[in-house]
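Chain and residue survey
Spelled out from the first residue to the last, the chains are:
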Amino acid sequence: MTSTHSDAPRYAAGLGLATVVAEGPKAGTILDVWYPNPVLAREADTSLDADLRGAAVPDAERNVTAEILERVIDLDEAPKDAADAYLRLHLLSHRLVQPNTLNLDGIFGLLANVAWTSRGPVLAEELQFTLLRLRASGNVTVLSVDKFPRMVDYVVPTGVRIGNADRIRLGAHLAEGTTVMHEGFVNFNAGTLGSAMVEGRISAGVVIGDHTDIGGGASIMGTLSGGGKQRIRLGERVLLGANAGVGISLGDDCVVEAGLYVTAGTRVTVLGNGATGPDGGTENDGARVVKAVDLSGIANLLFRRNSQTGAVEVLPRAGRTVELNEALHKN
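This structure is a prediction, so every number in the text was calculated from the model and none was measured.

What about the overall build of the protein chain?
A tally of helices and strands in the protein chain yields four helices and 25 strands. Counting the 331 residues in the protein chain, one finds 48% classified as buried. Residue pairs at least 24 apart in sequence account for 51% of intrachain contacts in the protein chain once pairs closer than 6 positions are excluded. For the protein chain, the exposed surface amounts to about 14,900 Å²; the carbon and sulfur share of it is 49%.

What to know about the sheet that holds strand β5 (residues 120-123)
Read from one edge of the open sheet, three strands run β5-β4-β6, paired in antiparallel fashion. At either margin of the open sheet sits one strand with a lone partner, and together these are β5 and β6 (142-146). Direction aside, the axes of adjacent strands within the sheet are offset by 25° on average. Across four bridges, the pairing between strand β4 (residues 114-117) and β5 is antiparallel. The residue bridging Ala115 from the neighbouring strand is Val122, located in β5. Taken strand by strand, helix α4 (residues 127-135) contacts β4, β5 and β6, and its axis lies near 135° from that of β5.

Looking at the UniProt feature "binding site: succinyl-CoA" (unreviewed entry) in the protein chain
The feature "binding site: succinyl-CoA" (unreviewed entry), as annotated in UniProt, sits at Arg201, Gly216, Ser219, Ala242, Glu257, Ala258, Gly265, Lys291, Arg304, Arg305, Asn306 and Ser307 in this numbering. Assignment of secondary structure puts Ala242 in the loop between β18 (239-240) and β19 (245-246). Contacts of Ala242, omitting those with residues within four sequence positions, involve Gly215, Gly216, Ala258 and Gly259. When near neighbours in sequence (up to four residues on either side) are disregarded, Lys291 contacts Ala264, Gly265, Thr266 and Arg267.

Here's the deal with the pattern of salt bridges
A complete count under the given rule lists 15 salt bridges for this structure. Its salt-bridge partner being Asp76, residue Arg10 comes within 2.6 Å of it at the nearest N-O pair. Taken together, the positions of Arg10 in the segment before β1 (11-21) and Asp76 in the loop between β3 (64-74) and α2 (82-93) put the pair 66 residues apart, joining distant regions of the chain. Taking the relative accessible area as the measure of exposure, Arg10 reaches 27% and is therefore partly exposed. Note on Asp76: relative accessible area 12%, which makes it buried. Between Asp81 and Arg71 there is a salt bridge whose closest N-O contact spans 3.1 Å.

Structural notes on the UniProt feature "active site" (unreviewed entry) in the protein chain
Following the UniProt record, the feature "active site" (unreviewed entry) maps to Glu199 here. Note that Glu199 resides in the loop between β12 (196-198) and β13 (201-202). With a relative accessible area of 30%, Glu199 lands in the partly exposed category. In this structure, Glu199 is in contact with Met181, Glu183, Gly184, Asp213, Ile214, Gly215, Gly216 and Gly217, ignoring residues within four places of it in sequence.

What counts as what
- Residues numbered from 1 in each chain as written.
- Predicted model: local features only at pLDDT ≥ 70, side-chain atom pairs only at ≥ 80, totals over all residues.
- Heavy atoms only, no water.
- Helix = DSSP H or I, 4+ residues; strand = E, 2+ residues; numbered from the N terminus.
- Buried < 20%, exposed > 50% of the residue type's maximum accessible area, 1.4 Å probe, protein only.
- Contact = heavy atoms within 4.5 Å.
- Areas by Shrake-Rupley, 256 points an atom, 1.4 Å probe, with all protein chains shown as cover.
- Pairing = 2+ DSSP bridges.
- Axes fitted to C-alpha atoms, helices over the stretch in contact; angles between N-to-C directions.
- UniProt positions renumbered as here; feature names shortened; annotations may be inferred.
- Salt bridge = Lys/Arg side-chain N within 4 Å of Asp/Glu carboxyl O.

This is the structure in structure tokens:
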């Protein structure tokens, strides 16, 4: 997950409120850090110092205390600790940096496994006993057990709609005009660069362009599983049909039909001129078979599966674009 960068150092800073394990074998473990106003600079914005200090109170029931901390980081160096890692995630969700433009190497090893509850974060291995204490003073809900929290508990970007907050991790990048429906999912270091409709899955490392539509149940292969290192990018005005998926980048104005999953190694028949033949089919003048990765990033393509032969085919779509419903993206 290392970014590409120039030789000139790039800095970011933040004043944050950290939740820290108070007592026991894991005392001092950082569970989370909230940076309300991170900046791309070598000095943190301290204007909220008094407000943060007012919130820095211990919670014996959760065995945690709250601490004020300040971090200054080099975006091109690997994160050094949990506080550093949380600042990077905040930068992404605050839209101060785009996915794949900062170093996130080793981030999983720096983050504790946390039970995210309605009363705040709890060290996962202490959850069972902590619940006994918490329930004595009222109801408590365990929202998830994960290294990454929900984005909206820390950052709510302007101009977006989110149907199910549980499905957007901190570190997601949602551009103005993005709508994420209830079954949509956006991982950290991934997201949208313009108005988009997300009803499927945007995996880590994936970015999608303006006016692109990710259909219900659709999936885009990320960089975290299967050893994949290719970063996938979907261009502008792309339609990924319902239950479809891709393991390659798509250029502007591309369509993948519903239910079709195109991996890098998928054998694809490239149809010559896309003209309609006398039998109602598509003429195959100059047809050739290539691996889908050879078409990665090319604009104006339609990927489909031939309903008679089962072969995956690609046709040109020159002059036609995908259009989103503008009314849905005026937030």
